[in-house]
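Next come the chains, spelled out residue by residue.
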Amino acid sequence: MANTRLEKVRAALAERNLDAVLVYKPENRAYLSGFTGTAGWLLITPAKAWLITDFRYAEQAATQAPAFEVIKPESTVAALLATLCEQHQINRLGIEGDYVTVDDYSAYEQALGERDLVSIAGTIETLRMIKDEAELTLMRRAAAIADETFSHILSYIKPGVAERDIAVEMEYKMKKLGAEGLAFDIIIASGVRSAMPHGVASDKQIAAGELVTLDFGAIYQGYCSDMTRTVMVGEPSAQQREIYAIVLEAEKRGVAATRAGINGKELDEVCRGYIREHGYAEAFGHSTGHGVGRYIHEGPKLSVRGETDLLKPGMVVTIEPGIYLSGWGGVRIEDMVLVQENGCESFSKSPRELKIL
Ligand SMILES: [Mn+2]
């Protein structure tokens, strides 16, 4: 796997006329090398690939990143870089301009003298948008952990239980199922709090007659999942049923329209247009979805500004329309799907119909 990814980064390097790239962002580093330690620099040229790390990680690096030659700096990383650039005629070096600190940049500049430092911000992130089979296997598992957690938590959601207690049980369950962490702080937003799209679980107790939005995801071997379901505690009112039905239909239309060749703005409009037709345009104030991978939010964007975000096979995106009415509450439904040539495969398997608890 790592070799194909290395080939892709080398092609990008040739396209940008670079002699090498230096990769330090943890997600990019793990993606290209397999190395998951917290300190390490990849230096990749058309012919060579080094992983610079210290004593703590030397053994782990050699095991996790077999395609890389592991080297330890004798003094500073900048000094070692200068030596490698000298030995291998690296005159134009790509660096992650959106991640390198000002201090590190100064150190590189000083050590490298006349050589050019060029930002490659976004280049590896663009490669990462298209997932390979190994990544898709991990993402399916991350989504399955979220699905299992959702069906597990349903029996806990009842009047008198605090949102925070539900979140804690969900975190425990996801970790028991193999997640190494949470993709983000679990959102449990009940009653009027469900009008807040990002209402992280609070001390509020669930009450009868409330909608409860649960938005959560697991990290499994470096990959995130993301799903949202809104459930009803007690009998829904006519308005709760109506809003839920509109969001559900918008979400289903969004998933049905997801395929290679559509752009992020067009897909956003499938959901947004349906919600607008029903008079709730103002109540859907966020984008329809986003790419997911090693980051919970990555490209492409499915939003009113997504006209240049063309969907391609192998991208994994969320479809998550919602309606939020201040002082009343809200509904969001979200699935994570794999873009395919003629449609998509939903990784989220939990039923989307209104669950009445
Ligand atoms: Mn999401």
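In this text, all values refer to a predicted model and were calculated from it rather than measured experimentally.

(A) Examining the state of the cysteines more closely. Under the criterion given, the structure shown has 0 disulfides. Cysteine cysteine 271 is unpaired, with the sulfur of cysteine 344 as its nearest cysteine sulfur at 11 Å.

(B) A look at the pairing of strand β14 (residues 298–302). Bridge count for strand β13 (residues 289–291) against β14 is 3 bridges, and the pairing is antiparallel. In the sheet register, glycine 291 faces β14, and the bridge partner there is glutamate 298.

(C) Quick peek at the coordination of the manganese ion. Within the protein, the atoms that donate to the manganese ion are Asp226 (OD), His290 (NE2), Glu320 (OE) and Glu334 (OE), at distances of 2.0 to 2.4 Å. Written as a sequence motif, the donor residues of the manganese ion are D-x63-H-x29-E-x13-E. Placement of aspartate 226 in the loop between β11 (223–224) and β12 (227–233) and of histidine 290 in strand β13 is noted, with a sequence separation of 64 residues between them. Residue aspartate 226 is classed as buried on the basis of its relative accessible area, which comes to 4%. On the basis of relative accessibility, which here comes to 11%, the residue histidine 290 falls in the buried class.

(D) Spotlight on the sheet that holds strand β8 (residues 187–190). Taken in spatial order, the 4 strands make up an open sheet running β8-β9-β12-β20, and their pairing is mixed. The open sheet has two edge strands with one neighbour each: β8 and β20 (355–356). In this structure, β12 lies alongside β20, joined through 2 bridges in parallel fashion. Its bridge partner being in β20, methionine 232 is matched across the sheet by isoleucine 356.

(E) Expanded view of the environment of methionine 139. Residue position: methionine 139 is located in helix α7 (residues 133–153). For methionine 139, the contacting residues outside a window of four places in its chain are Lys131, Tyr223, Cys224, Val292, Gly293, Val316, Met336 and Phe347.

(F) Examining helix α8 (residues 163–176) more closely. For α8, which comprises 14 residues, the first-to-last C-alpha distance of 20 Å matches the rise-based estimate of 20 Å (1.5 Å per residue) to within 8%. Among all positions of α8, only Glu163, Ile166, Ala167, Glu169, Met170 and Met174 are buried. Angularly, the buried residues of α8 cover 165 degrees about the axis, an arc narrow enough to put them on a single face. The outward face of α8, more than 90 degrees from its buried face, is lined by the exposed residues Tyr172 and Lys176. The positive-phi residue at the C-terminal boundary of α8 is glycine 178, with phi of around 110 degrees.

(G) Representation of the pairing of strand β15 (residues 316–319). Neither face of β15 is exposed, since Val316 and Thr318 on one face and Val317 and Ile319 on the opposite face are all buried. Taken together, the 4 bridges between β15 and strand β18 (residues 335–340) define a ladder with antiparallel strand orientation. From the neighbouring strand, threonine 318 faces β18, where its bridge partner is methionine 336.

(H) Focus on unusual backbone geometry. Residue proline 300 follows glycine 299 across a cis peptide bond; omega there is 0 degrees. If you trace the backbone, proline 300 turns up in strand β14. With a phi angle near 50 degrees, glutamine 89 is a residue other than glycine that sits in the positive phi range. Tracing the backbone shows glutamine 89 in the loop between α4 (77–87) and β5 (92–95).

(I) Up close: the domain arrangement of the protein chain. Parsing the protein chain into structural domains produces domain 1 (2–128) and domain 2 (133–356). Taken over C-alpha atoms, the centre of domain 1 sits 36 Å from the centre of domain 2. Listed per partner, the contact involves 7 residues of domain 1 and 6 residues of domain 2. Overall, the association of domain 1 and domain 2 removes approximately 580 Å² of surface from exposure, summing both partners, and the carbon and sulfur fraction of that is 43%. Area buried by domain 1 at its contact with domain 2 is led by Arg5, Glu27 and Arg128, which between them contribute 68% of it. Our count for the domain 1 to domain 2 interface comes out at 1 salt bridge. At the boundary of domain 1 with domain 2, the tally comes to 2 residue pairs in polar contact (both at pLDDT 80 or more). Mapped onto the side of domain 1 that touches domain 2, the elements with two or more residues apiece are α2 (26–33) and α6 (123–128).

(J) Seen up close, the sheet that holds strand β3 (residues 49–52). The strand order across the open sheet formed by 6 strands is β4-β3-β2-β1-β5-β6, and the pairing between neighbours is mixed. Unpaired on one side and paired on the other, β4 (69–71) and β6 (116–119) mark the two borders of the sheet. With strand direction ignored, the average angle separating the axes of adjacent strands in the sheet is 25 degrees. Of the pairings in the sheet, the one linking strand β2 (residues 41–44) to β3 comprises 4 bridges and is antiparallel in character. When the bridges of β3 are listed, leucine 42 appears paired with leucine 51.

What counts and how
- The residue count restarts for each chain, going from 1 along the sequence in the order it is written.
- In keeping with the predicted nature of the model, local features appear solely for residues at pLDDT of at least 70, side-chain atom pairs appear and are counted solely at 80 or more, and the whole-chain, interface and lining totals rest on all residues.
- The basis for the side-chain values is all heavy atoms of the structure; hydrogens and waters are excluded.
- Working definition: a disulfide is two cysteine sulfur atoms within 2.5 Å of each other.
- Pairing between strands is defined by DSSP: at least two bridges between them are needed.
- In DSSP terms, a helix is any run of H or I states spanning at least four residues, a strand is any run of E spanning at least two, and both are numbered starting from the N terminus.
- Distances up to 2.8 Å from the metal define which N, O and S atoms are donors, and 3.2 Å serves for Na, K and Ca; water is absent from the atom set, so sites may look incomplete.
- Under the scheme applied here, a residue whose accessible area is under 20% of the maximum for its type counts as buried, over 50% as exposed, and between as partly exposed, the area being computed with a 1.4 Å probe on protein chains only.
- Contacts are residue-level and defined by heavy atoms, with any inter-residue pair within 4.5 Å sufficient.
- In this analysis, the expected span of each helix is defined as 1.5 Å times one less than the number of residues it contains.
- What the arc measures is the spread of directions leading from the helix axis to the C-beta atoms.
- These domain boundaries are the output of an automatic or database domain assignment.
- Buried area is calculated as the accessible area (1.4 Å probe) missing from two parts once they are joined, with the contributions of both summed.
- In the sections that follow, a salt bridge refers to a side-chain nitrogen of Lys or Arg positioned within 4 Å of a carboxyl oxygen of Asp or Glu.
- N or O atoms closer than or at 3.5 Å make up a polar contact, with two conditions inside protein: a donor-capable atom paired with an acceptor-capable one, and, for residues adjacent in sequence, both atoms drawn from side chains.
- The axes used here are C-alpha line fits, helices contributing only the stretch in contact, and every angle between their N-to-C directions lies in the interval 0 to 180 degrees.

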